[in-house]
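Understanding the architecture of this molecule
Here is how the chains run, residue by residue.
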Amino acid sequence: MITVNCKDVLPIQHQILVYVADSVGAIPAIKHDEFILSSIENDEKIDSMEVRKSIQEYLDSIGEGSNFTVIPDSVKLYIKSINGKKINKITPPVKTVKTCCGF
């Protein structure tokens, strides 16, 4: 089981959780400003380095990789701002509806 603290990136906590859980093959759970990843099989262990890499990949994909890093300690991983930046609000992409031939 791995716990990831998302206090500095709380508005995108859910998106990170989904991306990471899918990437490392884990069962996710949200707990306030943290998420927990549990292994699917009881005898498997989740590799914290893979989780760190996956979080960083997600941050890079949204253009925030240079502003945030993942810091491990003995108990959990922390997604921390490098330069004091906080993510306050994420605007979802605008979806447009295309029509053709009157439909």
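Every chain begins its residue count from 1, and numbering advances along the sequence as written. With pLDDT at 70 or above as the cut-off, local features in this predicted model cover only qualifying residues; side-chain atom pairs require 80 or more to be listed or tallied, and sums for whole chains, interfaces and linings still use all residues. Water and hydrogen atoms play no part in the side-chain values, which are based on all heavy atoms of the structure.

Let us now look at the pattern of salt bridges. Each reported salt bridge corresponds to a side-chain nitrogen of Lys or Arg within 4 Å of a carboxyl oxygen of Asp or Glu. Following the criterion strictly, the structure yields three salt bridges and no others. Here Lys80 and Asp8 are joined by a salt bridge, their closest N and O atoms 4.0 Å apart. Placement of the pair is Lys80 in strand E5 (residues 77-81) and Asp8 in the loop between strand E1 (2-5) and helix H1 (13-24), with a sequence separation of 72 residues. By the criteria applied, helices consist of DSSP H or I runs no shorter than four residues and strands consist of E runs no shorter than two, each listed in order from the N terminus.

Structurally, Leu37 can be placed in strand E3 (residues 34-39). We call a residue buried when its accessible area falls under 20% of the maximum for its residue type, exposed when it is over 50%, and partly exposed in between, using a 1.4 Å probe and counting protein chains only. With a relative accessible area of 0%, Leu37 lands in the buried category. Only heavy atoms matter for contacts: two residues are in contact if any of them lie within 4.5 Å across the pair. Setting aside residues no more than four positions away along its own chain, Leu37 makes contact with Met1, Ile2, Val20, Ala21, Val24, Ala26, Ile27, Pro28, Ile46 and Val51.

Multiplying 1.5 Å by the helix residue count minus one yields the expected span of that helix. Spanning twelve residues, H1 covers 16 Å between terminal C-alpha atoms, matching the ideal 16 Å at 1.5 Å per step. Within H1 the residues assigned to the buried category are Gln13, Ile16, Leu17, Val20, Ala21 and Val24. Looking straight down H1, one finds that the buried residues subtend no more than 120° of arc, so they occupy a single side. If you follow the buried residues of H1, they end up packed against strand E2 (26-31), E3, helix H2 (48-61) and E5. After H1 finishes, the residue Gly25 shows a positive phi value of roughly 70°. Relevant arc is that of directions from the helix axis to the C-beta atoms, nothing else.

Let us look at the side chain of Asp8. You can call Asp8 buried: its relative accessible area is 7%. When near neighbours in sequence (up to four residues on either side) are disregarded, Asp8 contacts Phe68, Ile79, Lys80, Ser81, Lys86 and Ile87.

What follows deals with the sheet that holds E3. Paired strands, in this sense, are two strands between which DSSP finds at least two bridges. Spatially, E2-E3-E1-E5-E4 is the arrangement adopted by the five strands of the open sheet, whose pairing is mixed. Looking along the sheet, the strands with just one partner apiece sit at the ends: E2 and strand E4 (68-72). Each adjacent strand pair in this sheet contributes to an overall mean axis angle of 25°, direction not counted. For E4 and E5, the ladder comprises five bridges, and the chain directions are antiparallel. Residue pairing in the sheet places Ile71 in a bridge with Tyr78 of E5. Between the N-to-C directions of two axes lies an angle of 0 to 180 degrees, each axis being a line fitted to C-alpha atoms and, for a helix, fitted only over the stretch in contact. Its contacts with the sheet put H1 on E2, E3 and E5, and the angle it makes with E2 is roughly 160°. Sheet strands touched by H2: E1, E3, E4 and E5. Its angle to E4, the strand with the most contacts, is close to 170°.

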